[in-house]
Amino acid sequence: MPAKVLVVDDEPAIRRLLRNTLVRAGYTVVEAEDGRQALHQAATEHPSAVLLDLGLPDRDGLTLIPLLLVHGDAVILVVSARDAVDEKVTALDLGAHDFVSKPFDTDELLARLRVALRHHGLSETTQKIVQRGDISIDLDRRIVFRGTEELHLTRKEHDVLAVLARHIGRVVTHERVLAAAWGGEEEPRVEYLRIVIRNLRQKLEHPGPVGSVIANELGVGYRLRSDA
């Protein structure tokens, strides 16, 4: 059965664009134009994913995120013209899987949706080895290979990479990475995290003009890119 996607947007043209894009990609689509309809569709249609606009006529889309999660375990991708950093962070902290700014590229949106669906439900207890291209991350043994070469990471580099690997394909906010990797240590700061990320990129990535293994979501956090 094709995955079912709930599109929540008050603009008919955007719903039509998303519906046509998703149907061509093999998804089943249901739609809602406001928060009330979105909650009804989520409860009755049980979608695998929700594409959620924030500027809805009857309520702020941010308030819908926890309510949608109550109705099921769909992955939620916010698709909105509201792209302020604090709103992105809030959406992710509330449980959204990803945030795509309008105007969006349909191919990128589909790629992020595929990643979200592929990795949804994988947790620290069910996925012990994370594979990304030729990079293999053994979360239990804290061993990282690039091809057949074992990479020597510092403790902090392991800690940060583990957080990103457990959420591969997802944006992890600065705050979440700092809390997981620095724990109760004094004054964990974004500046420290940037240094660790820079060192990780140097160790993980092959020389040459290839895309970064660790993507920077400006002002929000970092994402360990999926092969998709």
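Residues numbered from 1 in each chain as written. Predicted model: local features only at pLDDT ≥ 70, side-chain atom pairs only at ≥ 80, totals over all residues. Heavy atoms only, no water.

**Some points on the pairing of strand S1 (residues 4-8)**
Of all five residues in S1, four are buried; the element is thus mostly enclosed. Summarising the sheet, S1 and strand S2 (residues 28-32) pair through five bridges and their orientation is parallel. Bridge pairing in S2 links Val5 to Val29. With respect to chirality, the unit in which S1 leads through helix H1 (residues 12-24) into the neighbouring parallel S2 is right-handed. As paired elements, S1 and strand S3 (residues 49-52) share four bridges and run parallel to each other. Across the sheet, the residue bridging to Leu6 is Val50, located in S3. (Buried < 20%, exposed > 50% of the residue type's maximum accessible area, 1.4 Å probe, protein only. Helix = DSSP H or I, 4+ residues; strand = E, 2+ residues; numbered from the N terminus. Pairing = 2+ DSSP bridges. Right-handed = clockwise from strand over helix to strand, strands pointing away.)

**Overview of the nonpolar core**
Among the nonpolar cores identified, the biggest contains 28 residues, and Ile137, Val160, Leu164, Leu204 and Ile214 are the most heavily contacted of them. Looking at this core, the elements that each hand over two or more residues are strand S7 (135-138), helix H6 (155-166), helix H7 (174-182), helix H8 (190-204) and strand S12 (221-224). In terms of residue count, H6 provides more of this core than any other element does, six residues in total. Ala32, Val50, Ile65 and Val78 belong to the second largest nonpolar core, which has 21 residues in total. (Core = buried A, V, L, I, M, F, W, Y, C linked by side-chain atoms within 4.5 Å.)

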